[in-house]
Amino acid sequence: MTVMQKQQEKHTPKPQKFRVYGPVATVYGSSNTGSWRILCPKVDYEACIKCGTCARSCPANIIDIIKEQSECVVIDFDYCKGCGICANECPVKCISMVVERG
Amino acid sequence: MTYKMMDGNLAAVEAMKMAKVQVVSAYPITPQSNIAEKLSDLVASGELKAEYIRVESEHSALSVATTAQLAGVRAATATASNGLALMHEVLGMTSGNRVPIVMPVVNRGVAAPWTLWCEHGDAMAERDMGWMQFYCENVQEVFDLILMAYKAAEDKDVLTPAMVCLDGFFLSHSMQKIVVPKQELVDNFIGGYKSQNTYLDTEDPMFICDLTGSEEYTEMKYQQKVAMDNAIGVIEQVQREFEERFGRKYSIVEGYRTEDADVVLVALGSMCGTGKHVVNKLREKGKKVGLAKVTVFRPFPAEKIREILSGTRCIGVFDRSAGIGGQGGPVWSEVCAAMKDISCDIRNYTGGLGGRDVSPDNIEKIFDELLEISQGKRKNHTAWIDLKENAMDIRQVIKNV
Amino acid sequence: MYDVQHNSRGLVSHGVSACAGCGMELIMRNVLEVLGEDTIILIPPGCSALFSGFGNETALKIPGFQGNLENTAACAAGVRAALNAKGNKHTTVLAFAGDGGTVDIGIQSLSGVLERRDKVLYICYDNEAYMNTGIQASSSTPYFAGTTTTPSGKKTGRKDLMQIAIAHDIPYAATASINNLNDLKKKVQKAKDTDGPSLLHIHTPCPTGWRYEPAKTIEIARAAVQTGCWILYEYEAGKVTINYRQKELKPIEEYIGFQGRFGNLSKEQKKEIQDYVTKQYNKYIIKLEAMN
């Protein structure tokens, strides 16, 4: 049996569009919550101990710790609301909240 | 096919059992209680393979049934009176999400005053909640209309829940001989349940019933309106198919000796049996009277009503609910709107409330009044038929002033 | 299936329009991280409806239904019943409701689920008032807290959801706090694995309603535990475990001092709260110990 035949036999339902009635959400979307930001987290990378507390504490789950990188704390500013929990929870206080715009 | 003696509640249970509901959530309320009991018996004995959820209220009963059906199975519940009133907001969730549940409603007045007995006030209060409403004349109709309701409700062009209304005690507790078809016939008629609209399934996720903005809400309500419009034709088709398979003929509105009638009484539910009896009696006396039995109240079969009533100069509409504050009862309002372009005199009669029997004498009195009005011998009618003369002085209370 | 327009790590969209510093958002992410995609969620209208979405857009990758405010538990029971009828024992049915939808208007349907032993995981994120409607007091609002319907401070203490759940003798109930996410996640896992109803009551600081700086959300959750305003404990198979005990309670000021909702209190009132909390805490610990 060829690989192609095997693939054909394995039944995978094909996504198709159907009309449905009533309220339903089918788009997995994201609001541009980064635009809310007034204060912006700024990391002192020298002081960072890469413990990951900020990442775990972030309500939006948008902080990555990349240990091999010099700028080891990567924040997705498309979604960061600037709440400042990361800065508040940092055990070495290496994140400060700075004014984003005037 | 077998004949069985059963009351309306048991006929409702039999129909739901034969529809092979897989989840039952029921809360007892007079006069519905033995529907909840009998379903639990069937589940306990294994005769019905279903999950029985012994809920703590009617609100939860319909909530459970609605989400169970969204999760892919036919779900059953039933209620009456204040229980239906408690379901009110969930009725909107069921219909707005297009979940085609079929629910027997054992008609009983809503307190206050407390009553245990029949009237249509409970179901009429929910008439605009997006549910279809079927009204039964007898126990056979309870069984038949529930089966037809499943087929109509689950139709892809309808996808709308349905109440099958049976008069409390007059039908729910009245033993009658009915025909029960073989399971196979029912299976072939309504088939197994398939989710045709939205559903809850981890293999194919979607989020149902999130917030809808004003830019779409109107359209979603319009979808429900279109579904109701479609339902008229679908129900008529279902009734034809039912007749072919089971041999009993149904109509959304049944005209009984209306063809040449001078006056016609429009009515719903069990009183139609009495009404037909009175029609026959008066016909023997040479009085040309007829009865229009409204089997489907939602969607309101306006065209069929016009077809049956056009040519009738004087029409009586019997409302078994008080319609307090309106110009008349809800059935009367609908009939008037249906007949607005046709010259006729439509009179509203209110009665049969809180369990009071609608007696042959009362119906005869209505027909006589209508005949006199049609002949120009009378102007007024007795809008509250069978009302005691001392209505305003029922109680006198001694108070400390 | 979802049309994924902005992918995320985990099952919750990164751009959820919860307030900056929302404790509930942190809870939802951690809960779904443990439960995974084989989960159906039931959400009432309220703050958690932000995850349900708006129009055609949702913030969750799992299937869900937004019911009425008071029937979240019943809606969960319905889904569970259908899954059982179909022989599906593996999918987690999660009810995720706030304090108003749980301890006030939803207590009846929750009680029904707990009494019937429906296998449902019920999470109450408790931000101690009706936040989505504009910070009105619920029966979970604490003593003296100011809300828009208790402008001079609430005159009564809070309803004890845990003890109500325990009174139903359910197999698993626990309190949790975003102060200790590992403990929270461990409890979510236990609740998921419970054969029967499970309840998690999670303290959920709300910067908007409690009127504090958003950055302090976790700090406040921590202070609540350290001052004795929130007790971490579990009820598992009939046995109570107190998860965390403060050797000596910190002064109440360290918790309420940050919060605008306690901002208008006089010295005497603050002392009254301190005495109330200390007394309640000691009484509660004795009660919990006596339950074993």
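Residues numbered from 1 in each chain as written. Chains lettered and ligands numbered in written order. Predicted model: local features only at pLDDT ≥ 70, side-chain atom pairs only at ≥ 80, totals over all residues. Heavy atoms only, no water.

A. Local environment of the pattern of salt bridges. All names here are of chain B. Summed over all chains, the structure comprises 46 salt bridges over all chains. As a salt-bridge pair, glutamate 141 and lysine 293 come within 2.4 Å of each other at their nearest N and O atoms. A residue pair is termed long-range when its members are at least 10 positions apart, and glutamate 141 in helix 7 (residues 139-153) and lysine 293 in strand 12 (residues 289-294) qualify at 152 residues. Just as glutamate 141 is buried, lysine 293 falls in that class too. A salt bridge links aspartate 368 to lysine 287; the nearest nitrogen and oxygen atoms lie 2.9 Å apart. One end of the pair, aspartate 368, is in helix 13 (residues 360-374); the other, lysine 287, is in the loop between helix 10 (271-284) and strand 12, with 81 residues separating them in the sequence. Look at the salt bridges and you will find they share partners, linking Glu137, Glu141, Glu254, Lys276 and Lys293 into a network. (Salt bridge = Lys/Arg side-chain N within 4 Å of Asp/Glu carboxyl O. Helix = DSSP H or I, 4+ residues; strand = E, 2+ residues; numbered from the N terminus. Buried < 20%, exposed > 50% of the residue type's maximum accessible area, 1.4 Å probe, protein only.)

B. Representation of the domain arrangement of chain B within the structure. Residue and element names in this part refer to chain B. The domains assigned to chain B are domain 1 (2-246) and domain 2 (253-374). Taking only C-alpha atoms into account, the centre of domain 1 sits 27 Å from that of domain 2. Contact with domain 1, which involves 26 residues of that partner, is made by 28 residues of domain 2. Buried area between domain 1 and domain 2, summed over both chains or domains, comes out near 2,000 Å², and the portion from carbon and sulfur atoms is 60%. In this assembly, domain 1 and domain 2 are joined by five salt bridges. Of the charged contacts in the structure, one is a salt bridge between aspartate 128 and arginine 298, with a shortest N-O distance of 3.1 Å. Where domain 1 meets domain 2, there are 15 residue pairs in polar contact (both at pLDDT 80 or more). By residue number, the principal contributor to the side of domain 1 that touches domain 2 is helix 9 (residues 214-246), which donates five residues. (Domains from an automatic or database assignment. Contact = heavy atoms within 4.5 Å. Buried area = accessible area lost by both parts, 1.4 Å probe. Polar contact = N/O pair within 3.5 Å; in protein donor to acceptor, adjacent residues only side chain to side chain.)

C. Quick look at a nonpolar patch on the surface. Residue and element names in this part refer to chain A. On the surface, a cluster of nonpolar side chains totalling about 290 Å² of accessible area is made up of Ile38, Leu39 and Val99. Mapped onto the elements, valine 99 comes out in strand 6 (residues 95-99). Using a relative accessible area of 60% as the deciding quantity, one classes valine 99 as exposed. (Patch = residues over 30% accessible without salt bridge, like charges linked within 9 Å, V, L, I, M, F, W, Y side chains within 5 Å. Areas by Shrake-Rupley, 256 points an atom, 1.4 Å probe, with all protein chains shown as cover.)

D. Spotlight on the interface of chain B and chain C. Facing 37 residues of chain B, the contacting portion of chain C comprises 43 residues. Together chain B and chain C conceal approximately 3,100 Å² of surface at their shared face, both sides included; 60% is due to carbon and sulfur atoms. On the chain B side of the contact with chain C, B:Thr202, B:Pro205 and B:Phe207 bury the most area, a combined 21% of that side's loss. In this structure, B:Arg54 engages C:Glu115 in a salt bridge whose closest nitrogen and oxygen atoms are separated by 3.3 Å. At the junction of chain B and chain C, the tally comes to 18 residue pairs in polar contact (both at pLDDT 80 or more). Counting residues per element, the ones that place at least two in the side of chain B that touches chain C are strand 3 (51-53), helix 3 (58-70), helix 5 (88-96), strand 9 (207-208) and helix 9 of chain B. In terms of residue count, helix 3 of chain B provides more of the side of chain B that touches chain C than any other element does, seven residues in total. Here the residues of the side of chain B that touches chain C sort into 17 nonpolar, eleven polar and nine charged. Relative to strand 4 (residues 64-66) of chain C, strand 9 of chain B is paired through two bridges, and the arrangement is parallel. When the bridges of strand 4 of chain C are listed, B:Ile208 appears paired with C:Phe65. (Nonpolar A, V, L, I, M, F, W, Y, C, P; charged D, E, K, R; others polar. Pairing = 2+ DSSP bridges.)

E. Spatial organisation of the packing of helix 3 of chain B against helix 5 of chain B. Residue and element names in this part refer to chain B. Interhelical geometry of helix 3 versus helix 5 gives an angle of 10° and a closest axis separation of 9 Å. Taken together, helix 3 and helix 5 sit at an angle that is classed as roughly parallel. Together, His59, Leu62, Ser63 and Thr66 of helix 3 and Glu89, Val90, Leu91 and Thr94 of helix 5 make up the contact between the two elements. Its residues placed into classes, the contact of helix 3 with helix 5 shows three nonpolar, four polar and one charged. (Axes fitted to C-alpha atoms, helices over the stretch in contact; angles between N-to-C directions. Parallel < 35°, antiparallel > 145°, perpendicular 65-115°, else oblique.)

F. Main features of the pairing of strand 12 of chain B. Residue and element names in this part refer to chain B. Of all six residues that make up strand 12, six are buried, and the element is covered over most of its length. Every second residue of strand 12 is oriented toward a common face, with Val289, Leu291 and Lys293 on one face and Gly290, Ala292 and Val294 on the other, all of them buried. The sheet contact formed by strand 10 (residues 253-256) and strand 12 spans four bridges and is antiparallel. Across the sheet, the residue bridging to tyrosine 256 is leucine 291, located in strand 12.

G. Looking closely at the interface of chain C and chain A. In this assembly, 41 residues from chain C lie in contact with 27 residues from chain A. Taken together, the two surfaces of chain C and chain A that pack against each other cover about 2,800 Å², and 50% of this comes from carbon and sulfur. The partner of A:Glu89 in a salt bridge is C:Arg222, and the shortest N-O contact between them spans 3.0 Å. Taken together, the connections running from chain C to chain A amount to 28 residue pairs in polar contact (both at pLDDT 80 or more). Where the side of chain C that touches chain A is concerned, the elements lending two or more residues are strand 1 (3-4), helix 1 (23-35), strand 3 (57-58) and helix 9 (217-226) of chain C. A per-class count over the side of chain C that touches chain A returns 17 nonpolar, 15 polar and nine charged. Pairing geometry for strand 2 (residues 27-28) of chain A and strand 3 of chain C, over two bridges, is parallel. Of the residues in strand 3 of chain C, the one forming a bridge with A:Tyr28 is C:Thr58.

H. Region of the structure containing the environment of B:Gln22. Inspection of the secondary structure puts B:Gln22 in the loop between helix 1 (8-18) and strand 2 (23-25). Separated by 375 residues in sequence, B:Gln22 and B:Val397 have C-alpha atoms that sit 53 Å apart. Leaving out residues up to four positions away in the same chain, B:Gln22 has contacts with B:Lys49, B:Ala50, B:Glu51, B:Val73, B:Arg74 and C:Ala85.

I. Region of the structure containing the pairing of strand 7 (residues 162-167) of chain B. Residues and elements named next belong to chain B. The buried count for strand 7 comes to six of six residues, which makes it a mostly enclosed element. With burial as the criterion, each face of strand 7 is covered, one bearing Ala162, Val164 and Leu166 and the other bearing Met163, Cys165 and Asp167. Strand direction decides the pairing type here: strand 5 (residues 102-107) and strand 7, joined by six bridges, are parallel. In the sheet register, valine 102 faces strand 7, and the bridge partner there is alanine 162. Here strand 6 (residues 132-135) pairs with strand 7 via four bridges, running parallel. Bridged to tyrosine 135 within strand 7 is cysteine 165. With helix 7 bridging strand 6 and the parallel strand 7, this β-α-β connection has right-handed handedness. (Right-handed = clockwise from strand over helix to strand, strands pointing away.)

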